[in-house]
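Chain by chain, the residues run as shown.
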Amino acid sequence: MTLLANTPKPPYYAVIFTSVRTAGDNGYGEAANRMIELAEQQPGYLGAESAREDVGITVSYWADLESIKNWKSNTEHQEAQKTGRKLWYESFKVRISKVERDYGI
């Protein structure tokens, strides 16, 4: 994963996952890497950006809402979600938004 995702011309969608972790790794690092690897294989996946300090923020970009729905229902992703609720996250929030415009250098 590069630092900034190379997204196409809008519109497209962003899934913004913010989280506060529990103490210890407990397999989180390996699972997070696997989720990126798996997401990259999904139709409609456009890229992702991630940062972690006190609050973790991962933004994944998708071509359309159907692609996001399919990613959410991926069996391996669902298992990671269950583990996250039980073991890795003190709290989290998922937000889905439509990107209407982007710009940068």
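Before reading on, note that the structure itself is shown above.
About the cut-offs
- Residues numbered from 1 in each chain as written.
- Predicted model: local features only at pLDDT ≥ 70, side-chain atom pairs only at ≥ 80, totals over all residues.
- Heavy atoms only, no water.
- Phe/Tyr/Trp six-rings, centres within 6.5 Å; stacked < 30°, edge-to-face > 60°.
- Helix = DSSP H or I, 4+ residues; strand = E, 2+ residues; numbered from the N terminus.
- Buried < 20%, exposed > 50% of the residue type's maximum accessible area, 1.4 Å probe, protein only.
- Patch = residues over 30% accessible without salt bridge, like charges linked within 9 Å, V, L, I, M, F, W, Y side chains within 5 Å.
- Areas by Shrake-Rupley, 256 points an atom, 1.4 Å probe, with all protein chains shown as cover.
- Salt bridge = Lys/Arg side-chain N within 4 Å of Asp/Glu carboxyl O.
- Expected span 1.5 Å × (residues − 1).
- Contact = heavy atoms within 4.5 Å.
- Polar contact = N/O pair within 3.5 Å; in protein donor to acceptor, adjacent residues only side chain to side chain.
- Pairing = 2+ DSSP bridges.
- Axes fitted to C-alpha atoms, helices over the stretch in contact; angles between N-to-C directions.

Undergrad: Break down the packing of aromatic side chains for me, citing the residues and quoting the values.
TA: In the structure shown here, the tally under the stated rule is 8 aromatic pairs. Ring geometry for Tyr 28 against Tyr 89: centres 5.9 Å apart, planes inclined by 85 degrees, an arrangement best described as edge-to-face. Here Tyr 89 lies in strand β4 (residues 89-99) and Tyr 28 lies in helix α1 (residues 28-39), a separation of 61 residues in the sequence. Overall, Tyr 28 belongs to the buried group, its relative accessible area being 15%.

Undergrad: Now, about a nonpolar patch on the surface: what can you tell me, with residues and values included?
TA: Taken together, the side chains of Leu 65, Phe 92, Val 94 and Ile 96 present a nonpolar region at the surface, about 360 Å² in accessible area. Among the elements that line the nonpolar patch, the one with the most residues is β4, at 3 residues. In this structure, Phe 92 sits in strand β4. Phe 92 sits in the partly exposed class, given a relative accessible area of 36%.

Undergrad: Report on helix α3 (residues 75-88), specifying residues and quantitative values.
TA: A rise of 1.5 Å per residue sets the reference length of α3, with its 14 residues, at 20 Å; its end C-alpha atoms lie 18 Å apart and thus fit the reference within 8%. Packed against the buried residues of α3 are β1 (12-21), α1, α2 (65-72) and β4. N-capping of α3 is provided by Asn 74, with a side-chain oxygen placed 3.0 Å from the backbone N of Glu 76.

Undergrad: Quick rundown of the sheet that holds strand β3 (residues 56-62)? Include the residues and the values.
TA: The pairing of strands in a sheet happens through backbone hydrogen bonds and is either parallel or antiparallel. Strand order in the open sheet formed by 4 strands is β2-β3-β1-β4, and the pairing between neighbours is antiparallel. The open sheet has two edge strands with one neighbour each: β2 (45-52) and β4. Averaged over all neighbouring strand pairs, the angle between strand axes comes to 15 degrees, with direction disregarded. Across 7 bridges, β2 lies against β3 in antiparallel orientation.

Undergrad: Any chance you could break down the environment of Gly 84 for me, citing the residues and the numbers?
TA: With respect to the secondary-structure elements, Gly 84 resides in helix α3. In this structure the C-alpha to C-alpha distance between Gly 84 and Ser 97, which are 13 residues apart in sequence, comes to 22 Å.

Nothing here speaks to function; it is geometry throughout.
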